[in-house]
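A look at the structure
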Amino acid sequence: MGLNLIVLVKQVPDTQNISGNAMKEDGTVNRAALPAIFNPEDLHALEAAFTIRDSVPGSKVHVLTMGPPSAVQVLKDSLYRGADFVALISDRRFAAADTLATSYALKCAIEKIGSYDIVLCGTQAIDGDTAQVGPQTAEKLGINQITCISQIVELDPEKRSITARRSIEGGYEKVKTGLPVLLTVNGEGFPPRPPSAIRMMTYKNATTEMSSADYDETYLTSGAELKSENTIALWDINAINADPESCGLSGSPTKVRNIDMVVLKSEGIRMIENTEEAIGDMVHELVADHTLG
Amino acid sequence: MENFLKDNEDILFHLEHMDLDRIIRLREDDFKNSDNAPHAPADIADARDSYMKVLDMIGAISGENLAPLAADIDQEGVRLTKGEVQYAKGTQQVLDIFAKADLMGFCLPRKYGGLNFPSTILTIAAEMISRADASFLNFGLQQDIGETLNKFGSEELKSKYLPRLASGEYGSSMILTEPDAGSDLQAVRLKAHQDAHGNWYLNGVKRFITNGNGRIGLVLARSEENMQGARGLSFFLYERDENMVIRRLEDKLGIHGSPTCELQFNNARGYLVGERRRGLSKYTMWLMNSARLGIAAQAIGIAEAAYREANRYAEERIQFGSPVKSLPAVFEMLTEMKIAIEAGRTLLYETARIVDLKEGLEHIKELYPDRADQINSDLKSYARLANMLTPMIKGYATEMANRVAYDAIQIHGGTGFMRDFNVERHYRDARITSIYEGTTQLQVVAAIGGLTSGTINNALDEYESEDYSHAPQLYKRLLSARNKFEKALVHIKGIEDAELVSYHARRMVEMATDLVQGYLLLRDARHAERKLKVAETFIEKMATRITMNAEFILDGESSLLRNYQQIIG
């Protein structure tokens with residue numbers, strides 16, 4: 001009996017390749033100026049799901065993302081890499097969601113899929129860097145969670161238990177818990193597999209059939225006979241039975257009051273000699289002003 | 001994110017303007033999708049879109065995964081441990097990526113797990129990979145061996161081995177060269193004999209076998225005991241077992257990541273591919289021509305890498321108060337390098353396109369024998385053209401890569417001589433390209449027939465039937481250069497002294513290559529102002545080279561032929 005795996009992914013602006021106009025004048029991210037990419041740690045989470053699927057025959061990998069229609073690209077990429085089912089959770093009423101409203105919507109979408117054994121997501125997204133959505137989703141689902149994992153040490157589908165290695169400050173620890181579980185995966189393990197050329201050609205024209213009135217139930221799972229149309233499910237707020245009050249702006253207690261621009265200047269750089277003594281002095285100084293230790 | 005497709009404007013330029021319609025129709029049999037594959041294209045636009053997307057994937061793997069490992073692969077090299085070859089860690093890592101990305105059956109039919117892409121697209125992929133790491137040959141060569149098997153093997157062999165090649169489960173090699181049979185493959189001695197049940201067995205030694213550790217190999221062997229020369233040779237598929245021993249790995253100047261093996265066959269089982277006695281004349285020649293296109297692409301990839309290193313260094317290196325790129329001696333070198341690469345690329349794609357048309361027509365002829373009459377005349381002219389252009393581009397691109405890598409070190413000065421910089425690796429890697437799959441001298445021998453038979457004239461007539469109103473003066477220069485070339489050609493055809501013809505053959509082929517590239521660059525100039533500048537600068541120097549070569553042939557005294565024995569003994 002295979003496991004039902006659900007991977008939560010996010011499309012993010014590529015903050016690693018910042019160009020000149022990456023910030024708007026008000027200090028917020030100018031999303032239009034940055035290329036949109038698959039959140040890097042989410043790719044590791046997806047790979048972790050594939051690894052589990054490879055070791056437990058009959059397992060299925062479902063991928064969910066919440067975002068605007070353009071976020072369909074990360075779902076296509078998931079299909080190219082081997083996902084069995086993908087769904088876009090998209091509705092204007094989800095807009096401006098903070099981590100609380102996002103995790104609520106994701107929880108509703110996961111429950112729409114029904115039974116599940118392991119939910120996976122990247123530890124954090126490179127745009128918000130909160131690392132809150134995974135843990136909050138687990139709390140809302142009322143299931144166990146192991147965060148910041150880089151390795152699955154043991155998985156026993158019969159006994160429904162899992163042991164994962166998680167990163168902690170200065171080292172690692174192994175944590176064992178029962179299924180269902182939510183895992184947040186960091187970038188240390190599970191190097192992502194590349195997209196497959198054959199799957200890419202199969203799914204590149206996949207659409208969500210946005211214009212259809214009853215699109216909420218439109219989805220297909222992968223299969224040999226599948227061509228490419230309408231392979232991406234589109235779920236709106238009604239499709240996942242979410243309460244509009246708990247979604248988007250109205251469901252988000254986080255309010256941004258002000259954003260300060262911090263410009264790093266090269267002032268204050270001090271060169272020290274490359275001798276043991278000079279480096280020792282510097283370390284003492286840093287310990288004294290609590291930069292270190 | 002480094003991407004060797006996205007950062008290469010010249011490849012993107014060609015991809016945009018390349019005429020692929022007929023190739024795609026032939027290859028896809030007018031989109032009938034008889035194998036019912038979900039990834040088959042629906043139309044031309046769909047196919048082109050897939051080509052772009054797959055090339056983009058390879059550009060990303062080349063730039064992000066392979067290029068950063070190339071120096072380590074070069075340093076680590078390959079090892080022979082207990083009779084088995086171990087690749088460098090980086091090589092294995094990227095091979096795994098290629099296999100997982102379903103890229104190992106690039107040109108193979110979809111029913112065997114391939115992508116069914118044309119050679120034109122493969123050459124672009126091969127260039128990008130080689131720019132990242134020239135030793136990453138397994139990918140390129142694998143295609144040739146798979147394709148040869150696909151074209152000439154029995155259905156039994158094809159369905160057994162092609163899916164395994166396409167998935168990357170099996171590596172492969174072409175096993176031709178022997179200690180006493182290098183350029184002269186007619187002298188191959190490795191023996192193939194049949195037992196009472198009709199099974200074939202191979203005995204003998206092969207040398208300089210690239211990736212000879214591959215799980216399967218195509219072996220050229222003497223199947224007819226009493227028959228000397230090419231007619232006694234047949235082609236065999238061999239699958240690795242204990243009856244073949246890898247005796248040693250060569251310690252080479254370059255492409256350290258690629259294992260070059262000496263193999264000893266001790267009564268190893270072989271499977272006949274195609275018909276007996278056609279081993280060299282048909283199958284090896286086909287395989288060689290296919291591989292030559294790959295080596296030309298590899299050479300252009302190395303040249304591109306070396307040029308980029310040199311250009312960047314020339315911009316950063318300050319001497320006499322300014323970047324050395326501002327010095328005429330340096331910017332001339334860089335400009336020549338860039339033009340030489342672009343001249344190579346346009347000829348490479350033209351050649352690949354012709355090869356694809358020829359292969360596509362053959363494919364359709366096999367599918368629909370009743371259409372043979374319609375197809376034959378086109379097929380014949382594309383086959384002739386392919387046979388001339390393939391050695392031309394192999395010879396040109398590989399010599400050019402050596403020159404470009406040489407100049408790239410020169411621009412670096414003493415720094416370029418040091419191992420810390422990449423150019424010395426490009427220089428070492430380039431060196432083999434003008435030797436393997438036939439030396440440049442053999443490419444001249446292969447191409448000269450296309451000149452004396454008139455194929456070149458037909459090709460130039462064809463180019464002249466196009467519109468050059470965007471550059472009438474340059475077109476006039478081309479016509480004048482052609483005129484000089486043809487005078488030399490007429491002269492050569494009238495010579496009965498075989499040694500004298502052979503002496504001038506290299507110059508003749510170089511002139512023809514120059515001319516074809518002149519027309520192609522001027523054709524490219526139709527789409528971009530910058531290309532017009534490239535064409536202008538190329539044609540100016542090319543016309544002078546043609547004048548020089550023609551004068552040497554027409555008015556020269558060939559004193560070398562008279563004097564060489566007294567000079568070198």
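Residues numbered from 1 in each chain as written. Chains lettered and ligands numbered in written order. Predicted model: local features only at pLDDT ≥ 70, side-chain atom pairs only at ≥ 80, totals over all residues.

**Digging into the overall build of chain A**
Check the secondary structure of chain A and you find six helices and 11 strands. Residue burial in chain A is summarised as follows: out of 293 residues, 40% are buried. The long-range fraction of contacts in chain A, counting pairs at least 24 apart against all pairs at least 6 apart in sequence, stands at 68%. (Helix = DSSP H or I, 4+ residues; strand = E, 2+ residues; numbered from the N terminus. Buried ≥ 20, exposed ≤ 12 C-beta atoms within 10 Å, placed from the backbone. Contact = placed C-beta atoms within 7 Å.)

**Focus on the overall build of chain B**
Each helix and strand in chain B was counted, giving 18 helices and 11 strands. Taken against the 2.2 N^0.38 rule, which gives 25 Å for 569 residues, the C-alpha radius of gyration of chain B at 24 Å falls within 12% of a compact globule. Projected onto its principal axes, the C-alpha coordinates of chain B cover approximately 70 × 65 × 55 Å. The 569 residues of chain B split such that 51% are buried. Considering only intrachain contacts with a sequence separation of at least 6, the fraction spanning at least 24 residues in chain B is 76%. (Rg over C-alpha atoms; globule rule 2.2 N^0.38 Å.)

**A look at the domain arrangement of chain B**
Domain assignment breaks chain B into domain 1 (172-276) and domain 2 (454-568). Of note, the centres of domain 1 of chain B and domain 2 of chain B, computed from C-alpha atoms alone, are 40 Å apart. (Domains from an automatic or database assignment.)

**Here's the deal with the sheet that holds strand S7 (residues 144-156) of chain A**
All names here are of chain A. Strand order in the open sheet formed by nine strands is S9-S8-S7-S10-S6-S1-S4-S5-S11, with mixed pairing between adjacent strands. Of all the strands in the sheet, just strand S9 (171-178) and strand S11 (232-235) have a single pairing partner and so form its edges. Mean inter-strand twist for the sheet, computed between neighbouring axes without regard to direction, equals 35°. (Pairing = 2+ DSSP bridges. Axes fitted to C-alpha atoms, helices over the stretch in contact; angles between N-to-C directions.)

**Structural notes on the interface of chain B and chain A**
Listed as interface residues are 14 residues of chain B and, on the opposing side, 14 residues of chain A. Contributions of two or more residues to the side of chain B that touches chain A are made by helix H3 (44-66) and helix H5 (89-100) of chain B. Counting residues per element, the side of chain B that touches chain A draws most heavily on H3 of chain B, which supplies five residues. Of the residues assigned to the side of chain B that touches chain A, the class counts are nine nonpolar, two polar and three charged. (Nonpolar A, V, L, I, M, F, W, Y, C, P; charged D, E, K, R; others polar.)

**Comments concerning the packing of helix H11 (residues 372-412) of chain B against helix H14 (residues 455-464) of chain B**
All names here are of chain B. It is the contact of H11 with H14, at a shortest axis distance of 10 Å, that shows an interaxial angle of 105°. By the angle between their directions, the pair H11 and H14 is classed as roughly perpendicular. Of the residues in H14, those touching H11 at Ser381, Arg384, Leu385 and Met388 are Thr455, Ile456, Asn458 and Ala459. Tallied by class, residues from the contact of H11 with H14 come to four nonpolar, three polar and one charged. (Parallel < 35°, antiparallel > 145°, perpendicular 65-115°, else oblique.)

**Thoughts on the confidence of the model for chain A**
It should be kept in mind that the predicted coordinates are not to be read in detail where pLDDT is low. Confidence in the prediction for chain A averages 86 pLDDT; 90% of positions are at 70 or higher. Confidence over residues 210-229 of chain A falls short of pLDDT 50; this stretch has 38 contacts with residues more than four positions distant or in other chains. (pLDDT = per-residue confidence, 0-100.)

**Observations regarding the packing of helix H10 (residues 328-367) of chain B against H11 of chain B**
Residues and elements named next belong to chain B. The N-to-C vectors of H10 and H11 enclose an angle of 155°; their axes lie 7 Å apart at closest approach. For the element pair H10 / H11, the angle class is roughly antiparallel. Seen along the crossing, H10 lies across H11 with a hand that is left-handed. Residue composition of the contact of H10 with H11, by class: 26 nonpolar, four polar and six charged. (Left-handed = near helix turned anticlockwise from the far one by under 90°.)

**A look at the nonpolar core**
Residues Val7, Ala105 and Leu120 of chain A together with Phe236, Ala303, Val404 and Ala405 of chain B are the most contacted members of the largest nonpolar core, which totals 238 residues. Top element by residues in this core is helix H9 (residues 279-316) of chain B. It accounts for 19 residues. Non-local contacts of phenylalanine 236 of chain B, meaning those with residues more than four positions away in its chain, are made with Ala192, Trp200, Leu202, Val219, Ala221, Gly270, Tyr271, Leu272 and Val273 of chain B. (Core = buried A, V, L, I, M, F, W, Y, C linked by C-beta atoms within 7 Å.)

**Looking at the pairing of strand S5 (residues 85-89) of chain A**
Sheet faces and side chains relate simply in a regular strand, where the side chains alternate between the two faces. Residue and element names in this part refer to chain A. Extensive coverage of S5 is indicated by the burial of five of its five residues. What you see with S5 is no split at all: Phe85, Ala87 and Ile89 on one side and Val86 and Leu88 on the other are buried throughout. With five bridges joining them, strand S4 (residues 60-66) and S5 adopt parallel strand pairing. Within S5, the position partnered with leucine 64 by the bridge is alanine 87.

**Remarks on the pairing of strand S9 (residues 260-272) of chain B**
Residue and element names in this part refer to chain B. Pairing between strand S5 (residues 200-210) and S9: nine bridges, direction antiparallel. Residue pairing in the sheet places tyrosine 201 in a bridge with arginine 269 of S9. With three bridges connecting them, strand S7 (residues 233-239) and S9 associate as antiparallel partners. Note that in S9 the partner of phenylalanine 236 across the bridge is leucine 272. Note that strand S8 (residues 244-249) and S9 share five bridges and pair antiparallel.

**Examining the environment of leucine 26 of chain B**
Residues and elements named next belong to chain B. Within the secondary structure layout, leucine 26 lies in helix H2 (residues 21-27). Note on leucine 26: 20 C-beta atoms within 10 Å, which makes it buried. Taking the C-alpha atoms as reference, leucine 26 lies 20 Å from leucine 293; in sequence the two are 267 residues apart. Apart from residues no more than four positions distant in its own chain, leucine 26 is found in contact with Gly360, Leu361, His363 and Ile364.

**Re the confidence of the model for chain B**
Residues of chain B with pLDDT of at least 70 account for 99%, and the chain-wide mean is 95. As a predicted assembly, this complex carries a pTM of 0.91 together with an ipTM value of 0.91.

**Looking at unusual backbone geometry**
Residues and elements named next belong to chain A. Following leucine 179, the chain continues into proline 180 via a peptide bond in cis, with omega recorded as 0°. By the element assignment, proline 180 lies in the loop between S9 and strand S10 (181-185). Its identity as a non-glycine residue notwithstanding, cysteine 148 has a phi of 55°, on the positive side. Within the secondary structure, cysteine 148 sits in strand S7.

**Looking at the environment of valine 185 of chain A**
Residues and elements named next belong to chain A. Mapped onto the secondary structure, valine 185 falls in strand S10. Here the alpha-carbon distance between valine 185 and alanine 206, two residues 21 residues apart in the chain, equals 28 Å. Not counting the four nearest positions on each side in its chain, valine 185 is found in contact with Glu41, His44, Ala45, Ala48, Leu120, Gly122, Thr123, Ile149 and Phe190.

**Considering helix H2 (residues 72-81) of chain A**
Residues and elements named next belong to chain A. Buried residues dominate H2, accounting for nine of its 10 residues. Taken as a whole, H2 has its buried residues at Val72, Val74, Leu75, Lys76, Asp77, Ser78, Leu79, Tyr80 and Arg81. Looking one or two places after H2, you find glycine 82, whose phi comes out positive at around 130°.

**What about the environment of valine 219 of chain B?**
All names here are of chain B. With respect to the secondary-structure elements, valine 219 resides in strand S6 (residues 216-222). Placed 13 residues apart in sequence, valine 219 and lysine 206 show a C-alpha to C-alpha distance of 9.1 Å. Not counting chain neighbours up to four residues away, the residues in contact with valine 219 comprise Ile175, Leu190, Leu202, Phe236, Tyr238 and Gly270.

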